[in-house]
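Here is what each chain is made of, one letter per residue.
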Amino acid sequence: SQKIEQNSEALNIQEGKTATLTCNYTNYSPAYLQWYRQDPGRGPVFLLLIRENEKEKRKERLKVTFDTTLKQSLFHITASQPADSATYLCALNGGSQGNLIFGKGTKLSVKP
Amino acid sequence: EPEVTQTPSHQVTQMGQEVILRCVPISNHLYFYWYRQILGQKVEFLVSFYNNEISEKSEIFDDQFSVERPDGSNFTLKIRSTKLEDSAMYFCASTREPGEETQYFGPGTRLLVL
């Protein structure tokens, strides 16, 4: 079965720096990969989706890359702000009906 | 902006009791999901639901779980006889149509089984 590894449980960076989060998967290449943000006690909030035939996707200060050879996605937040502090989840399509398989997440803390 | 809502936000119950968790998906959405997240663990898929029937379910979704769309707006998850290990956050999610990749999650119900 598909497994997802988000290598860092926690990442601490200084405000203004670029945060880079990693997501690796083990088996089949998914049709798409998504990144969600989760704040404590809240549900995941969709951020970005990248398809298997796309190398890179951007949205404002966010950038996602997808390398199907390495079976890896990188998620970047440029010019990070304390308000970016949250847990970021990587998710893949897990089946034909669209259910998602999530990674455990990386907790990002941006210090002022 | 439309959003998924869930009630109650918190539920405390005794082991062996039945609980019903309620969700109101976004109004024009047709595909519904339940996920759970045990404290400190990853979000796990339970079940998907479309056209008044289960589309897919995980091995977690055993006979003690059931889902229902009792009317045009609500989507419920019932746990018949709760166990201590059912304590978790339960999230409802919805999409406009099958195969739409982005899922919209509700705020969750925190269930504590004593």
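The rules behind each value
- Residues numbered from 1 in each chain as written.
- Chains lettered and ligands numbered in written order.
- Predicted model: local features only at pLDDT ≥ 70, side-chain atom pairs only at ≥ 80, totals over all residues.
- Heavy atoms only, no water.
- Patch = residues over 30% accessible without salt bridge, like charges linked within 9 Å, V, L, I, M, F, W, Y side chains within 5 Å.
- Areas by Shrake-Rupley, 256 points an atom, 1.4 Å probe, with all protein chains shown as cover.
- Salt bridge = Lys/Arg side-chain N within 4 Å of Asp/Glu carboxyl O.
- Helix = DSSP H or I, 4+ residues; strand = E, 2+ residues; numbered from the N terminus.
- Buried < 20%, exposed > 50% of the residue type's maximum accessible area, 1.4 Å probe, protein only.
- Contact = heavy atoms within 4.5 Å.
- Buried area = accessible area lost by both parts, 1.4 Å probe.
- Polar contact = N/O pair within 3.5 Å; in protein donor to acceptor, adjacent residues only side chain to side chain.
- Nonpolar A, V, L, I, M, F, W, Y, C, P; charged D, E, K, R; others polar.
- Pairing = 2+ DSSP bridges.
- Axes fitted to C-alpha atoms, helices over the stretch in contact; angles between N-to-C directions.
- pLDDT = per-residue confidence, 0-100.

Observations regarding a nonpolar patch on the surface
Residue and element names in this part refer to chain B.
- Side chains of Val12, Leu112 and Leu114 sit close together on the surface and give an oily, nonpolar patch of about 270 Å² of accessible area.
- Counting through the fold element by element, Val12 comes out in strand β2 (residues 10–13).
- Among the residues examined, Val12 registers a relative accessible area of 54% and is labelled exposed.

A few points about the interface of chain B and chain A
- Counting residues at the interface gives 21 residues for chain B, matched by 22 residues for chain A.
- Each partner contributes to the roughly 1700 Å² buried at the junction of chain B and chain A, and carbon and sulfur atoms together form 52% of this total.
- Area buried by chain B at its contact with chain A is led by B:Lys42, B:Glu101 and B:Phe105, which between them contribute 31% of it.
- For the pair chain B and chain A, the number of links is three residue pairs in polar contact (both at pLDDT 80 or more).
- Elements represented by at least two residues in the side of chain B that touches chain A include exactly β4 (31–37), β5 (43–50), β6 (53–57) and β9 (88–95) of chain B.
- No other element matches β4(B), which puts four residues into the side of chain B that touches chain A.
- Its residues assigned to classes, the side of chain B that touches chain A shows nine nonpolar, eight polar and four charged.

Regarding the sheet that holds strand β8 (residues 75–79) of chain B
Residue and element names in this part refer to chain B.
- In spatial order, the strands read β1-β3-β8-β7; together these four strands make up an open sheet with antiparallel pairing. Of all strands in the sheet, those bounded by a partner on one side alone are β1 (5–7) and β7 (65–68). Between one strand axis and the next, the sheet turns through 20° on average, direction left out of account.
- The sheet contact formed by β1 and strand β3 (residues 19–24) spans three bridges and is antiparallel. Bridge pairing in β3 links Gln6 to Cys23.

A word on the confidence of the model for chain B
- Residues of chain B with pLDDT of at least 70 account for 97%, and the chain-wide mean is 93.
- Confidence scores differ between elements of chain B, with β6(B) showing the lowest mean pLDDT of 92 and strand β11 (residues 109–113) of chain B the highest of 98.

Considering the side chain of B:Ser87
Residue and element names in this part refer to chain B.
- Here Ser87 shows up in the loop between β8 and β9.
- Taking the relative accessible area as the measure of exposure, Ser87 reaches 19% and is therefore buried.
- Polar contacts involving the side chain of Ser87 include one to the main-chain carbonyl oxygen of Leu84, which spans 3.0 Å.
- There is a polar contact of 2.9 Å between the side chain of Ser87 and the backbone nitrogen of Val113.

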